[in-house]
Amino acid sequence: MAPALNPRDKKEAQILRAAEKLLASRGLHGTRMEDIAKAARLPRPNLYYYFSSKRQIYRRIITQLRADWEKAFAHIAPGREPDEAIRGYIQAKMEYSRKHPVASKVFAKEVIRGSDMLTPEENEGIRALTEEKCAVLRKWMDEGKMDRMDPRHFLFLVWGATQYYADFEQQIRSILGARRLTRAHFKDGVDTILHIVFKGAGFKS
């Protein structure tokens, strides 16, 4: 069981949840601190007690999302069998899309507008971590445990498939005729992605 949040952490979480929804729909430039305060049901002066600017709020959301995605990346490790590792990675990415669709939409907008809120060091960190995981995939290819391909494009495929369920949630709901996406919908998504990926990449334990 997760430890209980202290009052300040609870209030910050309340503000971040409210800000996520606004940032996902309006973007950074279309969102004002006044809007965030109203959505969080706080007087505007009180908001500045927790965050000095909307950019600070925005960066907190992006930084937390990156940290959670990096945790999911830990499944791809040299000591694991590829089928087990990729299964765990895809399941973790889909679970994040299920639980945090709004944060994912915020990040998608950030990438579309050029990732200018990420520092060069942060962008280099993302690139370096991705290359580290690509090295693991290349090792599996050399060992004959998966078909040979460009590992970067393999990851682009997985990211596109798993994050689609968050970033284009509304379109999926419309096509499925569902008011909301349920655990069953996500399980169907995971099963389908795993089937295609495992068949296409030729994973062998």
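The coordinates are above.
One structure accompanies this document, and this report is about it. (Residues numbered from 1 in each chain as written. Predicted model: local features only at pLDDT ≥ 70, side-chain atom pairs only at ≥ 80, totals over all residues. Heavy atoms only, no water.)

**Notes on helix α8 (residues 151-167)**
Between its terminal C-alpha atoms α8 stretches 23 Å, which fits the 24 Å expected from 17 residues at 1.5 Å a residue. Buried residues of α8: Pro151, Phe154, Leu155, Val158, Thr162, Gln163, Tyr165 and Ala166, and no others. Looking at the buried side of α8, the elements it contacts are α4 (54-73), α5 (82-99), α6 (101-112), α7 (120-142), α9 (169-176) and α10 (183-201). (Helix = DSSP H or I, 4+ residues; strand = E, 2+ residues; numbered from the N terminus. Expected span 1.5 Å × (residues − 1). Buried < 20%, exposed > 50% of the residue type's maximum accessible area, 1.4 Å probe, protein only. Contact = heavy atoms within 4.5 Å.)

**Some thoughts on the pattern of salt bridges**
The full count for this structure, using the stated rule, is 22 salt bridges. Taking the shortest distance from any N to any O, the salt bridge between Arg8 and Glu12 comes out at 3.1 Å. Taken together, the residues Arg8 and Glu12, both in helix α1 (residues 7-26) and four residues apart, mark about one turn of the helix. Given the relative accessible area of 34%, Arg8 is considered partly exposed. The network of salt bridges with shared partners includes Arg26, Arg32, Glu34 and Asp35. (Salt bridge = Lys/Arg side-chain N within 4 Å of Asp/Glu carboxyl O.)

**Some details on the nonpolar core**
Ile86 and Phe154 are the most contacted members of the largest nonpolar core, which totals 29 residues. Listing elements by their share of this core, those giving two or more residues are α4, α5, α7, α8 and α10. Setting aside residues no more than four positions away along its own chain, Phe154 makes contact with Ile86, Leu137, Met149, Val197, Ala201 and Phe203. Grouped together as the second largest cluster of nonpolar side chains are 28 residues, Ile15, Ile36, Leu47 and Met117 included. (Core = buried A, V, L, I, M, F, W, Y, C linked by side-chain atoms within 4.5 Å.)

**Describing the side chain of Lys133**
Residue placement: Lys133 occurs in helix α7. For Lys133, a relative accessible area of 7% corresponds to the buried category. Excluding its chain neighbours within four sequence positions, the residues that come into contact with Lys133 are Phe73, Ala74 and Ile76.

**With respect to the side chain of Ser97**
Here Ser97 is to be found in helix α5. Judged by its relative accessible area of 3%, Ser97 falls in the buried class. Side-chain polar atoms of Ser97 contact the backbone oxygen of Thr162, separated by 2.9 Å. Other than its neighbours up to four places away in sequence, Ser97 contacts Thr162, Gln163, Tyr165, Ala166 and Phe186. (Polar contact = N/O pair within 3.5 Å; in protein donor to acceptor, adjacent residues only side chain to side chain.)

**Comments concerning the packing of α5 against α10**
Following both chains from N to C, one finds α5 and α10 inclined at 145°, their axes separated by 10 Å at the closest point. Relative to α10, the crossing made by α5 is right-handed. Across from Asp83, Ile86, Arg87, Ile90, Gln91, Met94, Glu95, Ser97 and Arg98 in α5, the residues of α10 making contact are Arg183, Phe186, Gly189, Val190, Ile193, Leu194, Val197 and Phe198. (Axes fitted to C-alpha atoms, helices over the stretch in contact; angles between N-to-C directions. Left-handed = near helix turned anticlockwise from the far one by under 90°.)

**Quick notes on α7**
Taking 1.5 Å per residue, 23 residues should reach 33 Å; α7 reaches 32 Å between its end C-alpha atoms and fits that length. Where α7 is concerned, the buried positions are Glu122, Leu129, Thr130, Lys133, Cys134, Val136, Leu137, Trp140 and Met141. Against the buried residues of α7 lie α4, α5 and α8. Of the residues one or two after α7, Gly144 is the one with positive phi, at around 75°.

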